[in-house]
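Residue-level structure breakdown
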Amino acid sequence: MPDSLHQTIREAIEDILRAGVEQYLESVGAQAEMPEISLEVPRNAEHGDWASSLPLRLCKGLKKNPFEVAEGIVAAMPASSLIEPPQVARPGFINFRLAAGSVEHLIRRVLELGEKYGQSDTFKNERVLVEFVSANPTGPLHIGHGRGAVIGDTLARIFAAAGYGVSREYYYNDAGVQMKTLGESLRIRYLQALGEDIPFLENGYKGDYMVELGEKLKAERGDSMRGVTDTQPFTDYAANFIIGLINEDLERLRIHFDTWFSETTLHKEGKVKQALDELESRGKLYEQDGAKWLASAEYGDEKDRVVIKSDGNYTYLAPDIAYHAYKFERGFTRLVNVLGADHHGYIPRLKAAIQALGHRPDQLDCVLVQMVAVERAGEAMKLSTRAGDFITLKEVLDEIGVDVTRFLFLTRTADSQMVFDFELAKDTSMDNPVYYVQYAHARCCSLMRKAEEVGQAWENGEGADLGLLTAPEEKALAHQMDRFPQIVIEAARQAEPVLVTSYLRDLATAFHGYFTAGNKDLSLRVVQENNPALTQARLTLIAALKQTFANALELLGVTPLERL
RNA sequence: GCGCCCAUAGCUCAAUGGAUAGAGCACCGGCCUUCUAAGCCGGGGGUUGUGGGUUCGAAUCCCACUGGGCGCACCA
């Protein structure tokens, strides 16, 4: 039963452990509830490949000493061909080690599943909507948007791998003052392009791209719009164009949105009114001072919030509530918003709103992305779209490249403040962890090429005798590979891409160590010219590693290079 | 003033409440006549911002301080 291809060793151990605990509890006649199975990979290899501290948690309720509890559980556990008999350690840990035979099981599982290795159906009944970037189309994306974009997209990839139905959505607010200002900015740039000597808006969008856009409009329409005073046509023209620019950058970053959702849609389809009516009928709205308030304080917000001002207009919150209600209406069971950290004050009222609508607060996850400070040649730079003073995402992609950009954003947790140092990122050498990981994949490819050169090309591994893989490094590599599917599930659960990045680096470290060991000890080389059987066995391990590297890199949207 | 986030090696960052807090960069010393040295091995470097608390066990959870970031509208 535990030999199912899709089951990781971890899951097999969990089953065994669970059975042991049940049996043990019964034998001592305890009423204790079945605790959550805890199983971790110890930092220290001496503590085995997997370890559980379950006896330490259990002993409290049983009023027994943890060591005895551990022994009792071990005695009651069924045996498994995948692991060696478990050991009880000091305070009350149970340590598990992979059985030698499990190496073969693990490698074959990776190869059998191929590109699907790492995927699972853990969350198959759930649908998640990842909303990210969501910058209003008032200018090109800057580097900070890039960080949010990469994190959002990678989360989406991770969710998909963990079995979620996933949709990527970009929301933009095209009904507000910002867009009006944008249109007005373009109108003036256009008139200036026509030669009129008029001053620019004080609060207008001052970037060069607006000057260019004015020229472009002149080139397309001549002076036919000279007399147009309504800003709307200018707004539409600018927004359309800028969305195009934004999308270009995003596609380059390997990000594709399923939906571009505009605020106007909500108004047109009556979703704002619908959401407020729903809140009204649930008794969550009330009138005061001529305004309509949401009783958000009931749900942990620090105060109630106005949704309809006394002048009859909606506040920003109203369409936002409607938007999130509409997300649920479309069948999503989990909402993930990737936001700039400056929006954090907004989260409690949003969570309050979805609760007022009858949803659970944990169905909404807000991932806060901290600002990116940029340093160039030692100079710190200020970023402001309005002032036209910023590092665009395009510049970053031109200078640094997609793989490096994505990986650098993914090596830090979203909420850590980061300094993006251009010179450092451009450096193609040591400071760039991307290469470390890509190098590992390329080395696997290189070994395959080498084997081919000496006439021992890998023969798909089916006939290989994997029992020959007895080096401790080989067992360790197999164990590391086995962790991958669980890492993906955990990353999805926590909405935390860094888990995958860290895992990838660890796996690369293990592999580089294995590879380099062959420099000193020729018997550890993968390609053994006078031992075809061992060569085939090792190549099969390499093939599985290569697959795992490729799958993990794909999850991060980074290219698995064949050679560096 | 109130709230949220952050604080870990000189620097950039890790560490599902677990056993001796780890990598990379920088610094010191080793390893290329045969699978890629963008790599590997070893060394120095820490009172996890400070002080309490919770418990078998805390970088992790709670409280109070200190320092930094960001929010506190009938703005969007």
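Residues numbered from 1 in each chain as written. Chains lettered and ligands numbered in written order. Predicted model: local features only at pLDDT ≥ 70, side-chain atom pairs only at ≥ 80, totals over all residues. Heavy atoms only, no water.

**Some points on the pattern of salt bridges**
Counted under the stated rule, the structure contains 27 salt bridges. Across the pair arginine 109 and aspartate 482 runs a salt bridge, and its minimum N-O distance is 2.4 Å. Of the two residues, arginine 109 is situated in helix H4 (residues 102–113) and aspartate 482 in helix H17 (residues 472–482); the sequence distance between them amounts to 373 residues. By relative accessible area, aspartate 482 is classed as buried at 2%. The closest approach of N and O atoms between arginine 157 and glutamate 554, which form a salt bridge, is 3.5 Å. Of this pair, arginine 157 sits in helix H5 (residues 143–161) while glutamate 554 sits in helix H20 (residues 532–556), and the two are 397 residues apart along the sequence. Taking the relative accessible area as the measure of exposure, arginine 157 reaches 16% and is therefore buried. Glutamate 554 sits in the partly exposed class, given a relative accessible area of 48%. Here the salt bridges share partners, and the residues they tie into one network are Asp153, Arg157, Arg168, Arg406 and Glu554. (Salt bridge = Lys/Arg side-chain N within 4 Å of Asp/Glu carboxyl O. Helix = DSSP H or I, 4+ residues; strand = E, 2+ residues; numbered from the N terminus. Buried < 20%, exposed > 50% of the residue type's maximum accessible area, 1.4 Å probe, protein only.)

**Describing the protein's contact with RNA strand B**
Lining the immediate surroundings of RNA strand B are 64 residues, of which Lys309, Thr413, Tyr436, Tyr439 and Ser446 lie closest. When atoms of RNA strand B within 4 Å of the protein are split into backbone and base, the sugar-phosphate part holds 56%. Between serine 53 and RNA strand B, the recorded distance is 3.1 Å, taken from a side-chain N or O atom to a base nitrogen. Within the surface near RNA strand B, the residues separate by chemical class into 23 nonpolar, 23 polar and 18 charged. (Near = heavy atom within 4 Å. Polar contact = N/O pair within 3.5 Å; in protein donor to acceptor, adjacent residues only side chain to side chain. Nonpolar A, V, L, I, M, F, W, Y, C, P; charged D, E, K, R; others polar.)

**Points about the pairing of strand S4 (residues 127–131)**
Summarising burial for S4: four of the five residues are buried, a large majority. Direction of pairing for S4 relative to strand S5 (residues 165–172): parallel, over a ladder of five bridges. Each bridged residue has a counterpart across the sheet, and for valine 130 the counterpart in S5 is arginine 168. Considered for its hand, the β-α-β crossover made up of S4, H5 and S5 is right-handed. Pairing of S4 with strand S10 (residues 334–340), which is carried by four bridges, proceeds in the parallel orientation. When the bridges of S10 are listed, valine 128 appears paired with arginine 334. (Pairing = 2+ DSSP bridges. Right-handed = clockwise from strand over helix to strand, strands pointing away.)

**Side note on the sheet that holds strand S8 (residues 291–294)**
Ordered by their spatial adjacency, three strands build an open sheet running S7-S8-S9, and the pairing between neighbours is antiparallel. Each edge of the open sheet carries a strand with a single partner, namely strand S7 (285–288) and strand S9 (305–308). Taking each pair of neighbouring strands and ignoring which way they run, the sheet shows an average axis angle of 45°. Pairing of S8 with S9, which is carried by three bridges, proceeds in the antiparallel orientation. Bridge pairing in S9 places tryptophan 293 opposite valine 306. (Axes fitted to C-alpha atoms, helices over the stretch in contact; angles between N-to-C directions.)

**Description of the environment of glutamate 562**
Along the polypeptide, glutamate 562 turns up in the segment after H20. In this structure, the C-alpha to C-alpha distance between glutamate 562 and glutamine 438, residues 124 residues apart in sequence, is 8.6 Å. Beyond its immediate stretch of four places on either side in the chain, glutamate 562 contacts His441, Ala442, Cys445 and Arg449. (Contact = heavy atoms within 4.5 Å.)

**Some remarks on unusual backbone geometry**
At valine 133, a position not held by glycine, the phi torsion is positive, near 65°. When you line up the elements, valine 133 lands in the loop between S4 and H5. By relative accessible area, valine 133 is classed as buried at 14%. For asparagine 460, which is not a glycine, the phi torsion comes out positive at approximately 55°. By the secondary structure assignment, asparagine 460 is in the loop between helix H16 (433–453) and H17. Classification of asparagine 460 as partly exposed rests on a relative accessible area of 43%.

**Brief notes about the domain arrangement of chain A**
Partitioning chain A into domains gives domain 1 (9–98), domain 2 (127–174 + 256–369), domain 3 (177–252) and domain 4 (431–556). Relative placement of domain 1 and domain 3: their C-alpha centres are 67 Å apart. (Domains from an automatic or database assignment.)

**Section: the nonpolar core**
Counting 138 residues, the largest nonpolar core has Phe420, Phe511 and Leu545 as its most contacted members. For this core, the element with the most residues is H20, which contributes twelve residues. Filtering out sequence-adjacent residues up to four positions away, phenylalanine 511 remains in contact with Ala440, Arg443, Cys444, Leu447, Leu477, Ile542, Leu545 and Phe549. If you look at the next biggest cluster of nonpolar residues, it comprises 31 residues, including Leu129, Leu276, Leu294 and Tyr323. (Core = buried A, V, L, I, M, F, W, Y, C linked by side-chain atoms within 4.5 Å.)

**Quick notes on the sheet that holds strand S11 (residues 364–369)**
One open sheet holds the five strands; their spatial order is S6-S5-S4-S10-S11, and the pairing between them is parallel. One side of each edge strand has no neighbouring strand; the edge strands of this open sheet are strand S6 (259–262) and S11. Sheet twist, expressed as the average angle between the axes of neighbouring strands with direction ignored, equals 25°. In the sheet, S10 pairs with S11 via six bridges, with the strands oriented parallel. The partner of asparagine 337 across the bridge, within S11, is cysteine 366.

**Things to note about the packing of helix H1 (residues 9–27) against helix H2 (residues 54–62)**
Here H1 crosses H2 at 20°, and the two axes come no closer than 13 Å. Relative to H2, the element H1 lies roughly parallel. H1 and H2 meet at a crossing whose hand is right-handed. On H2, the residues that touch Leu17, Val21, Tyr24 and Leu25 of H1 are Leu54, Leu58 and Leu62. Of the residues contributing to the contact of H1 with H2, the split by class is seven nonpolar, no polar and no charged. (Parallel < 35°, antiparallel > 145°, perpendicular 65-115°, else oblique. Left-handed = near helix turned anticlockwise from the far one by under 90°.)

**Looking at helix H13 (residues 393–400)**
Along an α-helix, residues three or four apart share an orientation, since each turn contains 3.6 residues. Among the residues of H13, those classed as buried are Leu393, Val396, Leu397 and Ile400. Angularly, the buried residues of H13 cover 95° about the axis, an arc narrow enough to put them on a single face. (Arc of directions from axis to C-beta.)

**Notes on the packing of aromatic side chains**
By convention here, two paired aromatic rings are described through the distance between centres and the angle between planes. Evaluation of the coordinates by the stated rule reveals 18 aromatic pairs. A ring pair is formed by phenylalanine 261 and tyrosine 326, whose centres lie 5.8 Å apart and whose planes are at 55°; its orientation type is tilted. Here phenylalanine 261 is found in strand S6, whereas its partner tyrosine 326 is found in helix H11 (residues 317–329), with 65 residues between them in sequence. Of the two residues, phenylalanine 261 and tyrosine 326, neither departs from the other in class, the shared state being buried. These aromatic residues form a ring-pair network of at least three members: Phe132, Tyr170, Tyr172, Phe257 and Trp260. In this arrangement the basic side chain of arginine 127 is found over the ring face of phenylalanine 332, its NZ or CZ atom lying 4.3 Å from the centre. The cationic tip of arginine 189 hangs over the ring face of phenylalanine 200; the distance from NZ or CZ to the ring centre is 3.7 Å. (Phe/Tyr/Trp six-rings, centres within 6.5 Å; stacked < 30°, edge-to-face > 60°. Lys NZ or Arg CZ within 6 Å of the ring centre and 35° of its normal.)

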